[in-house]
Amino acid sequence: MNQRESKPQLVIRKYNRHGTTFAHCLICSTAPINAESHYREDLTKEEPLYQIDDIKSVLRNFIREKWGESGKDVLNKISIVLDIHGFNVPLNNLEKNTYEPLAKKFEADVSGKTFKDFVLFINFSWPSEQVITSQWLEWIKAMPIVLWILMGISIALLLSNTLSSLALILMGMLLLLIFLRLVVYFRDRDRGTNYGVFDAVDLVRWLQVILEEIILEESANSEQAKEHLKSGSDSFGRANLSFIAHSMGCFVATNSIRILSDVFDSSAIERWKKISPDGPFGETAKPTESLEKDEEMQNLGTLFRLKTLVIASPDIPIWAITTGRSNFLKSCLRRFKEAYLFSNDADLVLRLASTAANFFMFPSASRAGGYRLGNLTITKKREYGVLSYGNNAIGIRGLTNNIPLKDKPFDCEVDISKSFTIIDCTDYKDKLVGSDSSAFSSRRLSAFTANNSFATFFNYIFTAFKHFSGISKLDSHGGYFKGEFCRDLIYSLALYGKEKSQKKSQIIEENWEQKFKDHQMAWIEANDDRD
């Protein structure tokens, strides 16, 4: 029987090493855009791919340098950050608009400097496609016969001028289905669910395998380290694992975290290693083969600690931050030492497109219950700086009324700020990344400030016009990464957390609260006293 050519589950598309303490790479899932393809087509170009040995080598050299006599707490000096993109981000866009600018930023940040800790920063690419342009003819070949029949019936009725109302209804339904296909939202969601999530899980699992192997190698020459291994203690420490995610990537990240809590089983990893010594970076099994809030809460597997979660404009239900049974992410989001939500009331991609699309599939019985987490905002008169608000001042703004989280349908009994720091960026203004100008008067996420229903409505109208027409640099969904202060804040929080960012970040340095006031941002501080 003919076998398909074996391909790896993950590949390293780009790799940049900055000295001995910082490595930056682009790792791609090889899952195809269309199920009929055997391999991800945008990876078939004749471009060099890096090997997992490059990552193994830089980790091994750092651990060896910091080993000391017994390797005690050596893993505490390692931070791994996984950056996951959102919907409508094909690989070439990710390379051009995210990876390459980040590579330049990291090179400038670490040039000529020495660091005590090691950072592995990973841009993770799951298979996403461009809206409309990438598959604009495939919908014809893929459309089921029953829809062709209905289209023929509706056209015949229209031409015969018989039951024209029914014909128009049928035609409208068909055009809606075709439109939903062309905007690729549900196709991306399916790929995120079935490929992005599980490939991200396998990536993290294999990073633990690599660290375990290095620890075993180095322990062979140290009697003290051998004793640590026998006792099964945490003497080697735990590497910090953090996530940055945007839009639908937040869905991929949070679901990956839920699964990661259960997959670090040693026997499962041993069975996995029998397939290939390089795990997901090696050959997959052929089709005919068969093979047999306390600190403790933050531990993942035997060598990781969940440190920081940063989600920007998350395309996940607002229920993920509430206190009732409908919060299906509570158990995983509370595992992080620090968690940050960047939101924008005027995010029209979430407020219009995502809520409309999820109306068909999300089990909510109210309009407010269908909103996405990325639209969470201040429901009272907007203020800037470092603030302390509860559920009576945080929620969703509607066209006619504002709904705080303490009210129906959310009925939050405990302040959500106990576990999440919220950065409301609705009025955020800043200079564009890469601009030589020192002024930051341009708004990045909304057209103007709106503090009442009348003004809010027109803010949405003008924001939508600017966003979708492309006549300005305003981006209500991704503007967090286009303003210098906000972008650097996101990466600084993921790498170092609040305390170190507040003291040492190049972009912030001092006057923490004043910086947020100047940029018209509201930092709603977490008061973390979790049960």
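Above this text is the structure in question.
Residues numbered from 1 in each chain as written. Predicted model: local features only at pLDDT ≥ 70, side-chain atom pairs only at ≥ 80, totals over all residues. Heavy atoms only, no water.

Examining the overall build of the protein
Check the secondary structure of the protein and you find 15 helices and 14 strands. Across the 531 residues of the protein, 54% fall into the buried class. (Helix = DSSP H or I, 4+ residues; strand = E, 2+ residues; numbered from the N terminus. Buried < 20%, exposed > 50% of the residue type's maximum accessible area, 1.4 Å probe, protein only.)

So, the sheet that holds strand β12 (residues 402-404)
Whether parallel or antiparallel, the strands of a sheet pair through hydrogen bonds between backbone atoms. Strands sit in the order β9-β11-β12 across an open sheet of three strands; the sheet is antiparallel. Two strands lie at the open edges of the sheet, namely β9 (377-378) and β12, each paired on one side alone. Where β9 lies against strand β11 (residues 394-397), two bridges are found, and the strand directions are antiparallel. Following the sheet pairing, Thr377 is matched in β11 by Gly395. (Pairing = 2+ DSSP bridges.)

Here's the deal with unusual backbone geometry
In the segment running from Lys408 into Pro409, the intervening peptide bond is cis, with an omega of 5°. Tracing the backbone shows Pro409 in the loop between β12 and β13 (421-424). We note that Ser313 has phi near 50°; this positive angle belongs to a residue other than glycine. Looking at the secondary structure, you find Ser313 in the loop between β7 (304-312) and α11 (330-333). The exposure class of Ser313 is buried, given its relative accessible area of 0%.

Focus: the pairing of strand β8 (residues 338-343)
Each regular strand carries side chains that alternate between the two faces of the sheet. Extensive coverage of β8 is indicated by the burial of six of its six residues. With burial as the criterion, each face of β8 is covered, one bearing Glu338, Tyr340 and Phe342 and the other bearing Ala339, Leu341 and Ser343. Two elements, β7 and β8, share five bridges in a ladder whose sense is parallel. Paired with Ala312 across the bridge in β8 is Phe342. Pairing of β8 with β13 involves four bridges; the strand directions are parallel. Across the sheet, Ser343 pairs through a bridge with Asp424, a residue of β13.

Quick notes on the layout of surface pockets
Its boundaries defined by the atoms lining it, the largest pocket holds a volume of some 1,600 Å³. As for the largest pocket, its lining consists of 46 residues, of which Asn88, Val89, His246, Asp475 and Gly478 are closest to the centre. Here the element with the most residues in the lining of the largest pocket is helix α12 (residues 348-358); it accounts for seven residues. The class makeup of the residues in the lining of the largest pocket is 26 nonpolar, 14 polar and six charged. (1 Å grid on protein atoms, 1.4 Å probe; cavity = no way out; pocket = protein on both sides within 12 Å on 5 of 7 lines; lining within 4 Å. Points joined across faces, edges and corners; volume = space filled by probe spheres on them. Nonpolar A, V, L, I, M, F, W, Y, C, P; charged D, E, K, R; others polar.)

Some remarks on the packing of helix α4 (residues 145-160) against helix α5 (residues 164-182)
Running from amino to carboxyl end, α4 crosses α5 at an angle of 145°, the nearest separation of the two axes being 8 Å. Crossing handedness for the pair α4 and α5: left-handed. Residues Leu147, Leu150, Met151, Ser154, Ile155, Leu157 and Leu158 of α4 form the contact with α5, whose participating residues are Ser164, Leu166, Ala167, Leu168, Leu170, Met171, Leu174, Leu177 and Ile178. (Axes fitted to C-alpha atoms, helices over the stretch in contact; angles between N-to-C directions. Left-handed = near helix turned anticlockwise from the far one by under 90°. Contact = heavy atoms within 4.5 Å.)

Let's talk about the pairing of strand β5 (residues 239-246)
Of all eight residues in β5, eight are buried, a share of seventy percent or more. Here β5 shows two buried faces, one formed by Ala239, Leu241, Phe243 and Ala245 and the other by Asn240, Ser242, Ile244 and His246. Where strand β3 (residues 78-84) meets β5, six bridges bridge the pair, whose relative direction is parallel. Within β5, the position partnered with Ile84 by the bridge is Ala245.

Some remarks on the environment of Ile140
Structurally, Ile140 is set in helix α3 (residues 138-142). Once the C-alpha coordinates of Ile140 and Ile178 are considered, the two residues, 38 residues apart in sequence, prove to be 9.1 Å apart.

Examining the nonpolar core
Judged by nonpolar contacts, the single largest core of 89 residues is most densely connected at Ile78 and Phe243. No other element matches helix α6 (residues 185-219), which puts 13 residues into this core. If sequence neighbours within four positions are ignored, Phe243 has contacts with Leu82, Ile84, Ala253, Ile257, Leu260, Leu306, Thr308, Leu309, Val310 and Phe336. By size, the runner-up hydrophobic cluster in this structure holds 29 residues, among which are Phe22, Val81, Ile244 and Phe342. (Core = buried A, V, L, I, M, F, W, Y, C linked by side-chain atoms within 4.5 Å.)

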